[in-house]
Amino acid sequence: VNEDFAIESMAGDVFQLGNQSYQIMRVERGTVRVEDAHGAPPSIPFWLGEGPARSDALTQSVSRLRVELARDFAEHRQEQALARLSSMLGDDAAKQLIDYLFAAHQALGCLPTQDTIVFERFFDESGGMQLVIHSPYGSRINRAWGLSLRKRFCRQFNFELQAAATEDAIVLSLSTSHSFPLEEVKRYLHSNSVRDVLVQALLAAPMFASRWRWNATIALALPRFRGGKKTPPQLQRMAAEDLIAAVFPDQVACAENLVGEREIPDHPLVKQTIDDCLHEAMDIDGFEALLRKIESGEITVIARDTTEPSPLAQEILTSKPYTFLDDAPLEERRTQAVSSRRWIDPEQASDLGQLDPEAITRLRSEIWPDPISADELHDALLNLVFVTDAEASANPQWQQWLQQLSAARRVGRLMQLGQAPQGYWIAAERVLEMRALFDCADIEPNITTPEEFHKDWSRESALVEILRGRLAALGPVTAATLAQSLNAQSNEIDIALMALEREGVVLRGRFTPTAVHEEWCERRLLARIHRYTLKRLRQEIEPVHVKEFLRFLLRWQRVTANTQIEGPDAVSAVISQLEGFAAAASAWESELLSARVKHYEPAWLDDLSLSGRVTWMRLGVPTGEGQIRGPVRATPISILGRRNVQAWAMWHGRAEENGLSSDAQRVAESLREHGASFFDEIVSVTGLLRTQTEAALGELVASGRVNADSFGGLRALVMPTQKRKSFGSTGRKRRSAISGIEDAGRWSLLRRNVVAQDSETHVEAIEHVARTLLKRYGVVFWRLLAREAGSLPPWRELLRCLRRLEARGEIRGGRFIAGMSGEQFALPEAVDSLRVVRRDTNQIDWAAVSGADPLNLVGIITPGDKLAAISNNRLLYRQGVPVAIMAQGEIQFLEELEKSEMQHACDVLLRRPVFVEALDLGVQPISSE
């Protein structure tokens, strides 16, 4: 704020910035002090602010950092660059910055600096193009550059462009009528004439109107008070328009009455406003110096046509309204039509500057005519203008149809003599154009053009129309190839192509990856090649077969021998992955945890539960009117992080006490009255025998009503009484785990909260469940969750949440598993792991899982019958293919195996952890025979 008194009269006014409203309090040392207005409606209805521009010193620092990093990237020293930045920014911030700039370097081939400016151009979804100028000179110079270029494009193409400018880039939204070589943009403005162009451009920019009101107010040309009261802002705005209409009528004149440039009057307020725009909002002197350096070659300009926006272009495409150089609202901006990947792998970012050769080949096969009759071939000739003898002889059927059309005098053959004699088949409707190009050539038979196609063609106009038709069916092609096919001079072809370029029909560049010379391609065909290339780039991974997905799952959940983890922390990691999964109480330690944690110790789980980090409970509430009895070992139990209990419990109903025995009701009443209690306290309060109390607790656990502080409480209920004393004394040097029910800690009733579906807690719970499923399986789709459907939110709600996560860019959606219907979502790291598993075909993985394991997916995503989710049932995978199952003590082979493999399969299928024998959870020994 340059003049304090100019805004003092606004003290107390409220303005809105984004979704927040602020009240102006006072002005101190050129700074406006504001405070939260607590949602009050704004009293200043028009507030289009400008973001503060960064200083020249900061601009130089940004450029210097980019120069250093570009040198490191070019010499493959990313690790050194990361270490240097980590010492200043921290590891996480430095890693993000290195990844971001390295991906930009790969996409553009360099990093924009004060010595190197990059012009980037790419197609959007509407068929138009976006031109991004990467100029790290700050927003004051970039505003001047953007407004001047916008005015120059308007005069040259007669089309008003949308534009925006930030500290690091400028964007110009081009339409389908703009076609020009990208390198020529640097010559559109000259340092000697740019000031006049910019003055005309800023008159239509919002900055002029705001600064005009400011200058008129501080010059006291507008009354700030009327009748002792402040003039309302909207009335001041109207008064400012009336004033400018009096001193500068062309500024608010009807556009239909304006001819040529606006005449700027010799008025002090107008001069001051223009000077403020040129030197405060923009830096005209710095911009002219920049143009002089470009003209002298001191600054290098690099042009890049990319298939989609580079990482550096993302900021300007999603910039805030204060960066706009025109008055189009956010919803109507052409930059909204740009679609790009949410995250670009730095190693793959170089693909942005390359078109897919397969996409070009596919396009050429699609656009070349494929007639099925002589009439269709005649229609194709109308579009192609001609086909050469070589093109016609490539298809024998064409030769026959051309003879038929020739006999009917609908088609003729023109023979061009010279150094390279060549024959052309042309339709009667195109004869005059070809004769204008080859005036001495004869046509056999002598066909005539219908009267409705009669037109006087010059050689130049005929060549333009002939090339228009040919380019529509050739795809990217060089001017030399076109000249050879027409026996024409190269300069004639170039002139005709530039005429088409001015019409916006064709674009030039090097589109084929192996191209050495400049190529030309019709605009709509090039847009289609870009779409095909993007489709290939966005297809991050080919759908894998189900067996490869199962191999991935076995490694993802660390079930294979070489992926198991070890130690107390490993138990916590496995539980976080299996959180919410309901498995038989007897299977958790004997099958699930021991299969994933090498040398599993029960004491590790007890430590986690006693510390309050995890808890166990039955999530599902049993239904039915019958009395609930054991055995507890078959009860579906889930292990959860204690803080996440309500997120999982809210999907299940409240447990009713109907069907409980009298002892169980007495124990439940005691817990309800006295709160969490130890086993001895429950025995004392209820007056039941210890065996009766234990049975009652087992019944309450099976009904989903109580749990204990320690997992040892569940283990004590599951383990037979005669085995408890001997547990922990098996001769192995291991820490003795809690084995008696007296040592299980406190027992307490479970609380289940019912939450409204539209509440914030409900949404957070669904998101937690969705993230847990992604952590468990890596890839989530409807059929995969068939076994867990009863304990999860409805798929429609999960699907809505997964779509939100995809929209945020946190997960990926796509087709990852072949043969699975419906939408699929995956973690980014899971997609990379899927790639690794697909490529790794040398290692043979054997893995046996319990029927109660979440990896028991036979009959769900694989063909065949399902295997019952019973802990004693077992399933054997070989390379992700189910090869054997064990049900009811019998082994059945699903695949034919060699004798040696069959013996190994039996050994793997029957192998159990050593401590399982001590637990004796109902696992029956089976001989290898």
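Because the structure is predicted, anything quoted here is derived from the model rather than measured.

**Q** Explain the overall build of the protein chain to me, and be specific about the residues and the numbers.
**A** Check the secondary structure of the protein chain and you find 35 helices and 32 strands. A burial count over the protein chain gives 51% of its 929 residues as buried. When the accessible surface of the protein chain is summed, it comes to about 44200 Å², and 48% of that surface belongs to carbon and sulfur atoms.

**Q** Outline helix α5 (residues 139–157), supporting the account with residue identities and numerical values.
**A** Counting along an α-helix, one turn takes 3.6 residues, and residues three or four places apart therefore face a common direction. Between its first and last C-alpha, α5 extends 26 Å over 19 residues, near the 27 Å set by a 1.5 Å rise per residue. In terms of burial, α5 is largely enclosed, as 14 of its 19 residues are buried. Just past α5, the residue N158 takes up positive phi, approximately 55 degrees.

**Q** Which residues make up helix α23 (residues 587–596), and what are the values?
**A** By the criterion of burial, α23 is predominantly enclosed, with 10 of the 10 residues buried. When α23 is considered as a whole, its buried residues turn out to be A587, W588, E589, S590, E591, L592, L593, S594, A595 and R596.

**Q** Give me empty space enclosed by the protein: which residues, what numbers.
**A** One simple way to see leftover space: roll a probe sized like a water molecule over the atoms. Counting across every chain of the model gives five cavities of 30 Å³ or more. In this structure, the largest cavity occupies an estimated 70 Å³ of space. Around the largest cavity, the lining is made up of 14 residues, and of these I316, L317, F324, R333 and T335 lie nearest the centre. Elements with a contribution of two residues or more to the lining of the largest cavity: β6 (162–165), β7 (169–174) and α11 (311–317). Looking at the lining of the largest cavity, the element that brings in the most residues is β6, giving three residues. Residues belonging to the lining of the largest cavity are distributed by class as follows: seven nonpolar, six polar and one charged.

**Q** Pulling in residues and values, what's your account of the sheet that holds strand β28 (residues 824–826)?
**A** If you walk across this open sheet you meet the three strands as β26-β28-β27, and the pairing is antiparallel. Strands with a single pairing partner mark the edges of an open sheet, and in this sheet they are β26 (779–780) and β27 (812–814). Examined bridge by bridge, β27 and β28 share three bridges and lie antiparallel to one another. Within β28, the residue paired with G813 across the bridge is F825.

**Q** How would you sum up the sheet that holds strand β16 (residues 506–509)? Please name residues and give values.
**A** Strand order across the open sheet formed by three strands is β15-β17-β16, with antiparallel pairing between neighbours. Sheet topology places β15 (477–478) and β16 at the edges, where each strand pairs with a single neighbour. The pairing of β16 with strand β17 (residues 519–522) spans four bridges and is antiparallel. Within the sheet, the bridge partner assigned to G509 lies in β17 and is E519. Its contacts with the sheet put helix α19 (residues 490–502) on β16 and β17, and the angle it makes with β16 is roughly 120 degrees.

**Q** Please give an account of the packing of aromatic side chains that cites residues and values.
**A** Working definition: an aromatic ring pair is given by the centre-to-centre distance plus the angle between the planes. A full pass over the atoms with the stated rule returns 12 aromatic pairs. Ring centres 5.0 Å apart and planes at 90 degrees place the aromatic pair F386 and Y424 in the edge-to-face group. You can see F386 sitting in strand β11 (residues 386–388) and its partner Y424 sitting in strand β13 (residues 422–427), a full 38 residues away along the chain. Looking at F386, the relative accessible area reads 0%, which means it is buried. Ring centres of W616 and W747 lie 6.3 Å apart, and the angle between their planes is 85 degrees; this geometry places the pair in the edge-to-face category. On the criterion of sequence distance, the pair formed by W616 in strand β21 (residues 614–617) and W747 in strand β25 (residues 746–749) is long-range, its members being 131 residues apart.

**Q** An account of the nonpolar core is requested, with residue identities and associated values reported.
**A** Within the largest apolar cluster, 71 residues are counted, with the highest numbers of intra-cluster contacts made by W145, F153, M282 and F287. It is α5 that contributes the most residues to this core, seven residues altogether. Discounting chain neighbours no more than four positions away, the residues touching W145 are I117, F119, I133, S135, I170, L189, F287, L290 and I294. Judged by nonpolar contacts, the second largest core, of 58 residues, contains L619, L805, A826 and A847.

**Q** Pulling in residues and values, what's your account of the pattern of salt bridges?
**A** Counted according to the given criterion, the structure contains 37 salt bridges. Close ionic contact of R155 with E261 constitutes a salt bridge, the shortest N to O distance being 3.1 Å. Residue R155 is located in helix α5, and its partner E261 is located in the loop between α8 (233–247) and α9 (268–281); the two are separated by 106 residues in the primary sequence. What makes R155 partly exposed here is its relative accessible area of 39%. On the accessibility criterion, E261 (48% relative accessible area) is partly exposed. Connected via shared salt-bridge partners are R54, R66, E167 and D168.

**Q** Can you lay out the packing of helix α2 (residues 56–74) against helix α3 (residues 78–89) for me, pointing to particular residues and giving the numbers?
**A** In contact at an axis separation of 8 Å, α2 and α3 are set at 145 degrees when each is read in the N-to-C sense. Across the interface between the two elements, L65, E68, L69, D72 and F73 of α2 pack against Q78, A81, R84 and L85 of α3. Considered class by class, the residues forming the contact of α2 with α3 number five nonpolar, one polar and three charged.

**Q** Outline the pairing of strand β30 (residues 874–878), listing residues and values.
**A** With four of its five residues buried, β30 lies for the most part within the structure. Summarising the sheet, strand β29 (residues 846–850) and β30 pair through five bridges and their orientation is antiparallel. Paired with A847 across the two strands is Y877, which belongs to β30. Strand direction decides the pairing type here: β30 and strand β31 (residues 881–887), joined by five bridges, are antiparallel. What sits directly across from R878, in β31, is V881. Where β30 folds back onto β31 in an antiparallel hairpin, the turn is made up of two residues, including Q879, whose phi is positive at roughly 55 degrees.

**Q** Please give an account of the pairing of β21 that cites residues and values.
**A** Both faces of the sheet carry side chains from a regular strand, because those side chains alternate between them. Neither face of β21 is exposed, since V614 and W616 on one face and T615 and M617 on the opposite face are all buried. Where β21 meets strand β22 (residues 636–641), four bridges bridge the pair, whose relative direction is antiparallel. Its bridge partner being in β22, W616 is matched across the sheet by I639.

**Q** Describe the side chain of R596, and please don't skip the residues or the numbers.
**A** Tracing the backbone through its elements, the reader meets R596 in helix α23. The exposure class assigned to R596 is buried, which follows from its relative accessible area of 0%. A polar contact is formed between the side chain of R596 and the side chain of Q557, at a distance of 2.7 Å. Reaching out from R596, the side chain makes a polar contact with the side chain of D853 at a distance of 2.8 Å. When sequence neighbours within four positions are dropped, the list of residues in contact with R596 reads Q557, R558, V559, Q564, I565, V574, L578, D853, P854 and L855.

**Q** For unusual backbone geometry, give the residues involved together with the corresponding values.
**A** With an omega of -15 degrees, the peptide bond between E444 and P445 qualifies as cis. With respect to the helices, strands and loops of the structure, P445 is situated in the loop between β14 (442–444) and α17 (459–474). The residue L220 is not glycine, and still its phi comes out positive at about 60 degrees. Mapped onto the fold, L220 is located in the loop between α7 (206–218) and β8 (225–226). For L220, a relative accessible area of 62% puts it in the exposed group.

**Q** Hey, could you go over the confidence of the model for the protein chain for me, with residue numbers and the actual values?
**A** Within the protein chain, residue pLDDT values average 82, and 86% of them lie at 70 or more. Averaged pLDDT values over the elements of the protein chain bottom out at 47 in helix α1 (residues 5–8) and peak at 95 in helix α10 (residues 284–296). Every residue in residues 1–6 is under pLDDT 50, and counting partners more than four places away or in other chains gives 12 contacts. Note on residues 726–738: pLDDT is under 50 here. Beyond four places in sequence and across chains, it has 28 contacts.

**Q** Talk me through the side chain of S703; I want residue IDs and the actual numbers.
**A** Here S703 is to be found in the loop between α28 (690–702) and β24 (706–708). Look at S703 and you get buried, because its relative accessible area is 0%.

**Q** I'd like to hear about the environment of G39, residue by residue, with values.
**A** Inspection of the secondary structure puts G39 in the loop between β3 (31–36) and α2. Sequence separation of G39 and Q16 is 23 residues, and the distance between their C-alpha atoms is 9.0 Å.

**Q** Report on the environment of Y100, specifying residues and quantitative values.
**A** Mapping Y100 onto the fold places it in helix α4 (residues 91–108). Look at Y100 and you get partly exposed, because its relative accessible area is 29%. Along the sequence, Y100 and L312 sit 212 residues apart, while their C-alpha atoms lie 8.1 Å from each other. Filtering out sequence-adjacent residues up to four positions away, Y100 remains in contact with P311 and L312.

Reading guide: rules and limits
- Residues numbered from 1 in each chain as written.
- Predicted model: local features only at pLDDT ≥ 70, side-chain atom pairs only at ≥ 80, totals over all residues.
- Heavy atoms only, no water.
- Helix = DSSP H or I, 4+ residues; strand = E, 2+ residues; numbered from the N terminus.
- Buried < 20%, exposed > 50% of the residue type's maximum accessible area, 1.4 Å probe, protein only.
- Areas by Shrake-Rupley, 256 points an atom, 1.4 Å probe, with all protein chains shown as cover.
- Expected span 1.5 Å × (residues − 1).
- 1 Å grid on protein atoms, 1.4 Å probe; cavity = no way out; pocket = protein on both sides within 12 Å on 5 of 7 lines; lining within 4 Å.
- Points joined across faces, edges and corners; volume = space filled by probe spheres on them.
- Nonpolar A, V, L, I, M, F, W, Y, C, P; charged D, E, K, R; others polar.
- Pairing = 2+ DSSP bridges.
- Contact = heavy atoms within 4.5 Å.
- Axes fitted to C-alpha atoms, helices over the stretch in contact; angles between N-to-C directions.
- Phe/Tyr/Trp six-rings, centres within 6.5 Å; stacked < 30°, edge-to-face > 60°.
- Core = buried A, V, L, I, M, F, W, Y, C linked by side-chain atoms within 4.5 Å.
- Salt bridge = Lys/Arg side-chain N within 4 Å of Asp/Glu carboxyl O.
- Polar contact = N/O pair within 3.5 Å; in protein donor to acceptor, adjacent residues only side chain to side chain.
- pLDDT = per-residue confidence, 0-100.

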